[in-house]
Amino acid sequence: MIKDILSGIQAYAGAFGLISKLKLWKYFAIPMIISVLTATIIGFTAYGLSDNIGVFLAKIWIWDWGKETVTTITSFIGGLVVLIIGLILYKHIILALSAPFMSPVSEKIEAHINGNLQHTHRKTSFQEQLVRGIRISIRNLSKELLVTIPILLLKFIPLVNIFSTILLFLVQSYYAGFGNMDYTLERHLKYKESIDFVCRNKGFSIGNGIVFMLCLLVPVIGIIVVLPLSVTAASVKTVALLNQQKEA
């Protein structure tokens, strides 16, 4: 698993160079706009709701002494929860809406790696790619939330919350990598087959998603470059995995 995770991370090496070489930047214009707008809306929402959630949570403290301190702490926790949920939503929104624009990028990378051979993969329309992207994102979002909510509850337990943070990061990384890999998988595998494929290669998905999530920690620039880098890296690795599967 660790070896696969590292391999998924290493796939980012040369991503910028490959994008420039294949002249792919034009395909990322609309997804970049979607990314910036989504991040801005979620950021302002998290900031606006944190105080309201903080005051609501502070009501469990029925004593007057220490009320301000408790309210400050609960406001921070409220903002953190909203931000984490927002980050999950952000990830799946941009992965779903970017699907029709990222599929051509993935296809050009595959043609570059495998050569301009006669295509044996499925041909899908803009609408089909969008529907598939939304379907995958809704499926992953529901599963991720089911796992995330219990992990968030662990954050209230001292010491345990350290491990819960790491676990939460890995869960988010897995589903981010999943979405990036599916831009390639949608041409080769059906919906259920793609899910099984990523499950068998979850280490690569996590590795790709780790860099995706780390990019989001970089103010402004992160949300701009996250898709070009992660999709390019995922496409290179997924094509290699598909080639290995065909040779097996």
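Structure: above.
On a predicted model such as this, the values are computed, not experimentally measured, just so you know.

J.: Kindly report on the packing of helix α5 (residues 99–114) against helix α10 (residues 221–247), identifying the contributing residues and their values.
T.: Running from amino to carboxyl end, α5 crosses α10 at an angle of 50°, the nearest separation of the two axes being 9 Å. For the element pair α5 / α10, the angle class is oblique. Considering only the axes of α5 and α10, their crossing is right-handed. In this structure, α5 uses M102, V105, S106, I109, E110, I113 and N114 to contact α10, whose residues at the interface are V231, T232, S235, V236, V239 and N243. Residues of the contact of α5 with α10, tallied by class, amount to 7 nonpolar, 5 polar and 1 charged.

J.: Just give me the short version of the nonpolar core, but keep the residues and values in it.
T.: Ranked by internal contacts, the top residues of the largest apolar core, which has 31 residues, are F28, Y90, V105, F212 and L216. At the level of elements, α2 (15–21), α3 (29–58), α4 (67–97), α5, α7 (160–185), α9 (202–215) and α10 are the ones that each hand at least two residues to this core. A per-element tally of this core places α10 first, with 7 residues. With sequence-adjacent residues up to four places away left out, F28 is seen in contact with I19, M102, V105, L227, P228 and T232. The next biggest cluster of nonpolar side chains, apart from the first, holds 24 residues, and it includes L168, Y174, L241 and L242.

J.: I'd like a rundown of the side chain of K91, residues and numbers included.
T.: By the secondary structure assignment, K91 is in helix α4. Given the relative accessible area of 0%, K91 is considered buried. At 2.8 Å, the side chain of K91 and the side chain of E144 are in polar contact. A polar atom in the side chain of K91 sits 3.1 Å from the side chain of Q172. Ignoring any residue separated from it by four or fewer positions in sequence, one finds K91 in contact with E144, Q172, Y175, A176, F212 and M213.

J.: So what's going on with the environment of I85? Residues and values would help.
T.: Looking at the secondary structure, you find I85 in helix α4. Separated by 43 residues in sequence, I85 and I42 have C-alpha atoms that sit 9.4 Å apart. Beyond its immediate chain neighbours, meaning those up to four positions away, I85 contacts L145 and L152.

J.: Account for the pattern of salt bridges, naming residues and giving values.
T.: What the rule picks out here adds up to 4 salt bridges. E144 is paired through a salt bridge with K91; the nearest N and O atoms lie 2.8 Å apart. Of the two residues, E144 sits in helix α6 (residues 126–154) while K91 sits in helix α4, which places them 53 residues apart along the sequence. The class for E144 is buried, based on a relative accessible area of 0%. As a salt-bridge pair, D182 and R132 come within 2.7 Å of each other at their nearest N and O atoms. Placement of the pair is D182 in helix α7 and R132 in helix α6, with a sequence separation of 50 residues.

J.: Mind laying out the packing of aromatic side chains, listing which residues take part and the relevant values?
T.: Taken as a whole and judged by the stated rule, the model has 4 aromatic pairs. Taken together, the ring pairs in this structure connect F16, W25 and F28 into an aromatic cluster. Of note, R135 hangs over the ring of Y191, and the distance from its end group to the ring centre comes to 3.6 Å.

J.: Go over unusual backbone geometry with me, naming the residues and quoting the values.
T.: Phi is positive for K23, close to 55°, though the residue is something other than glycine. For K23, the position within the fold is in the loop between α2 and α3. Of note in the backbone geometry, V220 takes a positive phi value of approximately 60° without being a glycine. Of note, V220 is situated in the loop between α9 and α10. Judged by relative accessible area, which is 59%, V220 ranks as exposed.

Basis of the calculations
- For every chain, the first residue of the written sequence is number 1, and numbering continues from 1 along that sequence.
- The model is predicted, so local features are restricted to residues of pLDDT at least 70 and side-chain atom pairs to those at 80 or more, both for listing and for counting; the totals for chains, interfaces and linings are taken over all residues.
- Hydrogens and water are ignored here; the side-chain numbers use all heavy atoms of the structure.
- The axes are straight lines fitted to the C-alpha atoms, using for helices just the contacting stretch, and the angles between their N-to-C directions are given from 0 to 180°.
- Each helix is a run of DSSP H or I of at least 4 residues and each strand a run of E of at least 2, with the numbering of both proceeding from the N terminus.
- Any angle that falls under 35 degrees is termed roughly parallel, while one over 145 is termed roughly antiparallel, one within 65 to 115 roughly perpendicular, and all others oblique.
- Left-handed describes a crossing whose near helix is turned anticlockwise from the far helix by less than a right angle; the clockwise case is right-handed.
- Throughout, a contact is declared for two residues whenever any of their heavy atoms are within 4.5 Å.
- Side-chain classes are defined by residue name, with Ala, Val, Leu, Ile, Met, Phe, Trp, Tyr, Cys and Pro counting as nonpolar, Asp, Glu, Lys and Arg as charged, and the others, Gly among them, as polar.
- Definition used in this section: a nonpolar core is a set of buried Ala, Val, Leu, Ile, Met, Phe, Trp, Tyr and Cys residues joined via side-chain atoms within 4.5 Å.
- Here's how the labels work: a residue is buried when its accessible area is under 20% of the maximum for its type, exposed when over 50%, partly exposed in between, all with a 1.4 Å probe on protein chains only.
- Think of a polar contact as two N or O atoms within 3.5 Å of one another; within protein, one of them needs to be a possible hydrogen donor and the other a possible acceptor, and neighboring residues in sequence only count if both atoms come from side chains.
- In the sections that follow, a salt bridge refers to a side-chain nitrogen of Lys or Arg positioned within 4 Å of a carboxyl oxygen of Asp or Glu.
- The criterion for an aromatic pair is that two Phe, Tyr or Trp rings (for Trp, the six-membered ring) have centres within 6.5 Å, with stacked assigned to planes under 30 degrees apart, edge-to-face to planes over 60 apart and tilted to the rest.
- The rule for a charge over a ring is simple: NZ of Lys or CZ of Arg within 6 Å of the ring centre, and within 35 degrees of the ring normal.

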